[in-house]
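Structure assessment
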Amino acid sequence: MDVIVGGGVVGLSIAWRMAREGRPVTVVDPAPASGASHAAAGMLAPVSEVTYTEGPLLRLGVASLRRWPSFAAELAADAGFEAVGGEPATRGLDLRSDGTLDVAFGADDLAALDELAAYMDKLGLRVERLTGRECRRLEPMLAPSVRGGLLAPGDAWVDPRRVTAALLTALERLGVPLVRARATELLRDGGTVVGVRLAPPDKSGGPGSAPVASGGGARAEEPAELAAERVVLAAGAWSAGLAEVPVRPVKGQIMRLRSPQPLLGRCVRGTVHGSPVYLVPRGDGELVVGATQEEMGFDTRVTAGGLYELLRDARELVPGVTELEVADVVAGLRPGTPDNLPVIGPSGTPGLTLATGHHRGGVLLAPLTAAVLLGEESELAALCSPGRFREIS
Ligand code: FAD
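Residues numbered from 1 in each chain as written. Predicted model: local features only at pLDDT ≥ 70, side-chain atom pairs only at ≥ 80, totals over all residues. Heavy atoms only, no water.

**Points about the pattern of salt bridges**
Under the definition given, this model contains 23 salt bridges. One salt bridge connects Asp2 with Arg230, and the closest N-O pair in it is separated by 3.0 Å. In this pair, Asp2 is assigned in strand β1 (residues 2-5) and Arg230 in strand β14 (residues 230-233), connecting sequence segments 228 residues apart. Across the pair Glu87 and Arg91 runs a salt bridge whose closest N-O atoms are separated by 3.2 Å. Its relative accessible area of 36% is what places Glu87 among the partly exposed residues. Connected through shared salt-bridge partners, Arg17, Arg20, Glu74 and Asp78 make up one network. (Salt bridge = Lys/Arg side-chain N within 4 Å of Asp/Glu carboxyl O. Helix = DSSP H or I, 4+ residues; strand = E, 2+ residues; numbered from the N terminus. Buried < 20%, exposed > 50% of the residue type's maximum accessible area, 1.4 Å probe, protein only.)

Here's what the structure looks like:
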């Protein structure tokens, strides 16, 4: 049996794809879907996330975006979603593919967009350069000061909270056990990882105090150890606590605003006061505004300064945001790596596989990550191989 440590979008996606193939798998997480995946905006935007130095990340992102439609359709089916009123069942995940509009205000921004457009053109990626007027025709709520934009029509987005909820439902329907406990240590036999030690049950009786297994109808106290033929470490920003993997937490603050009418039809992003800001519309009228990027260790406090900057910058793009009700503010920890690429594959230690370090793109990269672990993407697997970092154990 494989044990997946971590039930965020990455660990749950791997578990679901494995269970679908009939492979025995168990997920261990004290609070599934509560990490970065709970905070994420859900942009599936490899094209508009591209920078000149990140060619390999772009390749991974484009490949994973290609997998998203079938991944979403199969997930919606396995979670029991149904098509409603002409809308496909994937609307239950809020999967939309109306593109991203990157906007510019000043001459420097416009020049940067021109350069980016030329670079993408060279890579054969579809983008359209728009004037300010064309941008406002697409998105009438944009500020009059927007002078131009770059539309990536193939970019998509999804609601990560709906995706993880659907993954948990699908796993339960497939009878996959979910052990609500923290893995404290990898168990080893000689040089081989043979399981995980679980945090001993806390007898206080508080929420989440005792490890319990659910899924397949089972709900029972778990032993303090879980044997595994293979442990897949998918504990996001916390992964380095269990194995030597160069993953660090990168804090992101993000807010959700509630709008009676949708303010935008697609994702809009731009650079304001030197920092990037984006707005992602949800099907239910919510507008997600994100996100800060801070090197603060395991700090998940939401700060006045962080929210101020987000709102100040978002208002420059779409002045109407200040009228909206605040629905939710949260800070999440992205699992960052030194080269911004994920770490997926055999660790070098027998019995231990890594699936972590997805940094800003774990939602986008979840389908590809599962495919790599199932041996479906050998060429791309080389780009994210743990072997590129020395002495991972
Ligand atoms: P997580 O979701 O953090 O899950 C890790 C899980 O491991 C948690 O549930 C935790 O409880 C569990 N865990 C930790 N330690 C242990 C242990 N010892 N034992 C058992 N379980 C353990 N990505 C995109 O693709 N698009 C976006 O638009 C986007 N926006 C983002 C916005 C913000 C503000 C942030 C913070 C991130 C964003 N990301 C986005 C990045 C994305 O959220 C992450 O890359 C992704 O969620 C990582 O998933 P994960 O499953 O590896 O980690």
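**A closer look at the packing of helix α1 (residues 9-20) against helix α8 (residues 362-373)**
For the pair α1 and α8, the least separation of the axes is 9 Å and the interaxial angle reads 35°. Taken as a pair, α1 and α8 cross one another with a handedness that is right-handed. Contact residues: Val9, Val10, Ser13, Ile14 and Arg17 in α1; Gly362, Val363, Ala366, Thr369, Ala370 and Leu373 in α8. In terms of residue class, the contact of α1 with α8 is made up of seven nonpolar, three polar and one charged. (Axes fitted to C-alpha atoms, helices over the stretch in contact; angles between N-to-C directions. Left-handed = near helix turned anticlockwise from the far one by under 90°. Contact = heavy atoms within 4.5 Å. Nonpolar A, V, L, I, M, F, W, Y, C, P; charged D, E, K, R; others polar.)

**With respect to the site of the ligand**
Residues in close proximity to the ligand total 40 residues, the closest being Asp29, Ser37, Met43, His359 and Arg360. Contacts to the ligand include His359, whose backbone N or O atom sits 2.7 Å from an oxygen atom. Within the backbone of Arg360, an N or O atom sits 2.8 Å from a nitrogen atom of the ligand. In isolation the ligand exposes 1,000 Å². Once the protein is present, 96% of that is buried. Secondary-structure elements contributing two or more residues to the shell around the ligand are α1, α2 (36-39), β15 (248-258), β19 (325-336) and α8. Residue composition of the shell around the ligand, grouped by class: 22 nonpolar, 14 polar and four charged. Both domains that furnish three or more residues to the shell around the ligand are identified here as domain 1 (2-40 + 162-247 + 339-388) and domain 2 (100-153 + 248-336). (Near = heavy atom within 4 Å. Polar contact = N/O pair within 3.5 Å; in protein donor to acceptor, adjacent residues only side chain to side chain. Areas by Shrake-Rupley, 256 points an atom, 1.4 Å probe, with all protein chains shown as cover. Domains from an automatic or database assignment.)

**Topic: the pairing of strand β17 (residues 275-281)**
Counting buried residues along β17, five of its seven residues qualify, which places the element largely inside the surrounding structure. Summarising the sheet, strand β16 (residues 267-272) and β17 pair through five bridges and their orientation is antiparallel. Bridging across to β17, Gly270 finds its partner in Val277. Hairpin connection between β16 and β17: a loop of two residues separates the two successive antiparallel strands, and His273 in this loop has a positive phi of roughly 50°. (Pairing = 2+ DSSP bridges.)

**A few points about the environment of Gly92**
By the secondary structure assignment, Gly92 is in the loop between α3 (55-78) and β4 (100-104). Taking relative accessible area as the criterion, Gly92 reaches 25% and is therefore assigned partly exposed. Sequence spacing of Gly92 and Ala72 is 20 residues, and the spatial spacing of their C-alpha atoms is 9.5 Å. Beyond its immediate sequence surroundings of up to four residues, Gly92 is in contact with Phe81 and Arg162.

**Some points on the domain arrangement of the protein**
Frequently, the measure chosen for interface size is the accessible area removed from exposure when the parts meet. Domain annotation of the protein identifies domain 1 (2-40 + 162-247 + 339-388) and domain 2 (100-153 + 248-336). Measuring from the centre of the C-alpha atoms in domain 1 to the corresponding centre in domain 2 gives 31 Å. Taken together, the contacts link 15 residues of domain 1 with 17 residues of domain 2. In total, about 1,300 Å² of surface goes out of reach between domain 1 and domain 2, with carbon and sulfur atoms giving 57% of it. Our enumeration of links across domain 1 and domain 2 arrives at zero salt bridges. Inspection of the domain 1/domain 2 interface yields five residue pairs in polar contact (both at pLDDT 80 or more). Among the elements that make up the side of domain 1 that touches domain 2, the one with the highest residue count is α2 (three residues). Of the residues assigned to the side of domain 1 that touches domain 2, the class counts are seven nonpolar, six polar and two charged. (Buried area = accessible area lost by both parts, 1.4 Å probe.)

**Here we look at the packing of α1 against α3**
Two quantities define a packed helix pair, namely the angle between the helix axes and the distance between the axes. The geometry of α1 relative to α3 is characterised by a closest axis approach of 12 Å and an angle of 75° between their N-to-C directions. Between α1 and α3, the angle is such that the two are roughly perpendicular. Counted together, Ser13, Trp16, Arg17 and Arg20 of α1 and Phe71, Glu74, Leu75 and Asp78 of α3 form the full contact between these two elements. Broken down by class, the residue content of the contact of α1 with α3 amounts to three nonpolar, one polar and four charged. (Parallel < 35°, antiparallel > 145°, perpendicular 65-115°, else oblique.)

**What to know about the nonpolar core**
In this structure, Ile4, Ile14, Leu44 and Leu75 are the most contacted members of the largest nonpolar core, which totals 49 residues. Contributions of two or more residues to this core are made by α1, β2 (25-28), α3, α6 (160-173), α8 and α9 (378-381). The contacts of Ile4, once residues within four sequence positions are left out, are Gly11, Ile14, Ala15, Met18, Val25, Thr26, Val27, Val28, Val232 and Ala234. In terms of nonpolar packing, the next biggest core, distinct from the first, is built from 25 residues, Cys135, Leu142, Met255 and Leu324 among them. (Core = buried A, V, L, I, M, F, W, Y, C linked by side-chain atoms within 4.5 Å.)

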